[in-house]
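The residues making up each chain are set out below.
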Amino acid sequence: MKKTIAIFLVVLMLVTFVSCSTTEEDTSSISSVGDAVVSAPQFTEPETPDTVQSQESPQDNSVKSTIAKPDEVIFYKNGKYGSLKNANKIYEIAKLVESWYKSYEQDTLPVCNWEYNAETIDEIKQKETVVEICYKDYTQIKMLNKIDHGTQRKIMIPLTGKYAYGVFLGKGEYYYTILLGDLGGSGLEKYFNGITLDKDVRKWESTVITPTKVTFYKDGKQSVSTESDLNRKIAKYIENWFKYATQFKSMPAIITDSNITQQKYNSTAIELEFDSSFTFFGGSISKNTRKIFITIDGEHPYHIFTSNGSNDTTWGNMSPDTWNGEKRNLEPFFEGRKFEENIGDAGDVFNSEKITHVAFYGYGGQGTRVDVPLENINEIINWLGTFTLGKSITTAIPPGTNTNFVEIEYIDGTVVKHGLDVIEVYGVSYELECGKHPECYWDLISQSTLSTTK
């Protein structure tokens, strides 16, 4: 019995020992695996669809398409261009460009410092493959409800060359104000399929002709050039203001011959006269224009007034918007010129046509009226037609000037009365020059007496 109990106790001790050993090894193994998991790279399990939806909802609002629908897309290639006007395709292209902004914010856009101007834009359109998104009017360009480019009319993307897939934003065909680097865009090439490129990109070649006469005006005087080389140089210089200009300013006022004449006397100005109609770079100037008049100072400096050179007394006016910062400077053409005294031609002082009556007054116009009799009227009218402007007067007019006056009545009832020595034209006083006085004039003026009052 004792022997049996002893054997049982020994077996029980052995079982207990084995059980303890296994538990210690297992714990050691688990510890080692735990250490390995902690030291391994961290991995975040994918979120459930509900979690993703709730976190992406704000971003969905920020990437919502907000680009305005364009009116047209123009495609350029090899100096040719054509347009797409299918509204759905146009909007598809605009939204594709907009999608390139997804990874950017307003302050992270790759704005480039490359210098470019109208010449650069022209070269790109002449030589590269280009897509240009166009709006008829100034339109707010907002990308994905987060990037605001302000009001623009053009979005141009070259697909080849130095600026490939850069984004130009601008307000005119050759006027771009913002240039962004490549936003990682692609895929515009496919839209060229089916586009007919049948128009030539404008080459902006000079078409102006040589003026037959150029007249310079300064301080109430004039200087005339009929020198072909100089006149052509001036015309081409003015034409260059119109290069790349596709928009023009104009004044609503009607400009008449009288307005232009006033500017000739009171402004520094220049007038170009052509023997036939002409154009600037194949366009720009109104049809049948034969004269252009430009004031350099005064109320409308560097506005261009145009006339067809006929008896029509109305002048048009225009000024190109070039946006290229070019300073217009005609002053060097005035340097060294000798200005003549007379602006008006013979007969400009007294209109000798359609006169019905002439009278003279002595004593500074205060003398009694002496009417020219019928037998002398033709001789006096012909003499009045010889009056021209002489030297301008810059000092005080001496006493005794304009002792004698003439009064002229015209068929329309107009009456003018002027002194015969000095006349003021648009604020400038001039000496009067004329042909030989008729003998009857001296007899007539001697009859004017100074009236007395009691």
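Considerations on helix α4 (residues 118-127)
Part 1 of the argument: Of all 10 residues making up α4, 7 are buried, and the element is well covered by its neighbours.
Part 2 of the argument: For α4, the full list of buried residues reads A118, T120, I121, D122, I124, K125 and Q126.
Part 3 of the argument: Against β1 (72-77), β3 (130-143), β4 (147-158), β5 (167-170) and β6 (176-180) lie the buried residues of α4.
Part 4 of the argument: The backbone nitrogen of E119 lies 3.1 Å from a side-chain oxygen of the residue at the head of α4, namely N117.

Focus: the pairing of strand β22 (residues 428-433)
For a regular strand, the rule is simple: side chains alternate between the two faces of the sheet.
Part 1 of the argument: Sheet topology note: the strand β18 (residues 388-392)/β22 ladder contains 3 bridges and is antiparallel. Bridging across to β22, S392 finds its partner in Y430.
Part 2 of the argument: Between the antiparallel neighbours strand β21 (residues 422-425) and β22 lie 2 residues, among them Y426 with a positive phi of about 50°.

Observations concerning the packing of aromatic side chains
Part 1 of the argument: Scanning all chains against the criterion turns up 25 aromatic pairs.
Part 2 of the argument: Both rings, one in F216 and one in F334, keep their centres 5.0 Å apart while their planes meet at 85°; by these two values the pair is edge-to-face. Of this pair, F216 sits in strand β8 (residues 213-218) while F334 sits in the loop between β15 (314-321) and β16 (355-361); the two residues are 118 residues apart in sequence, bridging distant segments of the chain.
Part 3 of the argument: Taken together, the ring pairs connect F350, F360, W383, F387, Y441 and W442 into an aromatic cluster.
Part 4 of the argument: For the cation-ring pair, K125 lies above Y174, with the distance from its terminal atom to the ring centre recorded as 5.0 Å.
Part 5 of the argument: Its guanidinium or amino end placed over the ring of Y138, R153 lies 5.8 Å from that ring's centre, counting from NZ or CZ.

What to know about the sheet that holds strand β17 (residues 370-371)
Part 1 of the argument: The strand order across the open sheet formed by 4 strands is β17-β16-β19-β20, and the pairing between neighbours is antiparallel. Looking at the sheet topology across the chains shown, the edges are occupied by β17 and β20 (415-419).
Part 2 of the argument: Each of β16 and β19 (405-410) is contacted by helix α7 (residues 374-384), which is oriented at about 80° to β16, the strand it contacts most.

Here we look at the pairing of strand β13 (residues 291-295)
Part 1 of the argument: Most of β13 sits inside the fold, with 4 of its 5 residues counted as buried.
Part 2 of the argument: Across 5 bridges, the pairing between strand β12 (residues 269-273) and β13 is antiparallel. Residue pairing across strands places A269 opposite T295, the latter belonging to β13.
Part 3 of the argument: Pairing of β13 with strand β14 (residues 304-307), which is carried by 4 bridges, proceeds in the antiparallel orientation. Residue pairing in the sheet places I294 in a bridge with I304 of β14.

Cut-offs applied
- Residues numbered from 1 in each chain as written.
- Predicted model: local features only at pLDDT ≥ 70, side-chain atom pairs only at ≥ 80, totals over all residues.
- Heavy atoms only, no water.
- Buried < 20%, exposed > 50% of the residue type's maximum accessible area, 1.4 Å probe, protein only.
- Helix = DSSP H or I, 4+ residues; strand = E, 2+ residues; numbered from the N terminus.
- Contact = heavy atoms within 4.5 Å.
- Polar contact = N/O pair within 3.5 Å; in protein donor to acceptor, adjacent residues only side chain to side chain.
- Pairing = 2+ DSSP bridges.
- Phe/Tyr/Trp six-rings, centres within 6.5 Å; stacked < 30°, edge-to-face > 60°.
- Lys NZ or Arg CZ within 6 Å of the ring centre and 35° of its normal.
- Axes fitted to C-alpha atoms, helices over the stretch in contact; angles between N-to-C directions.

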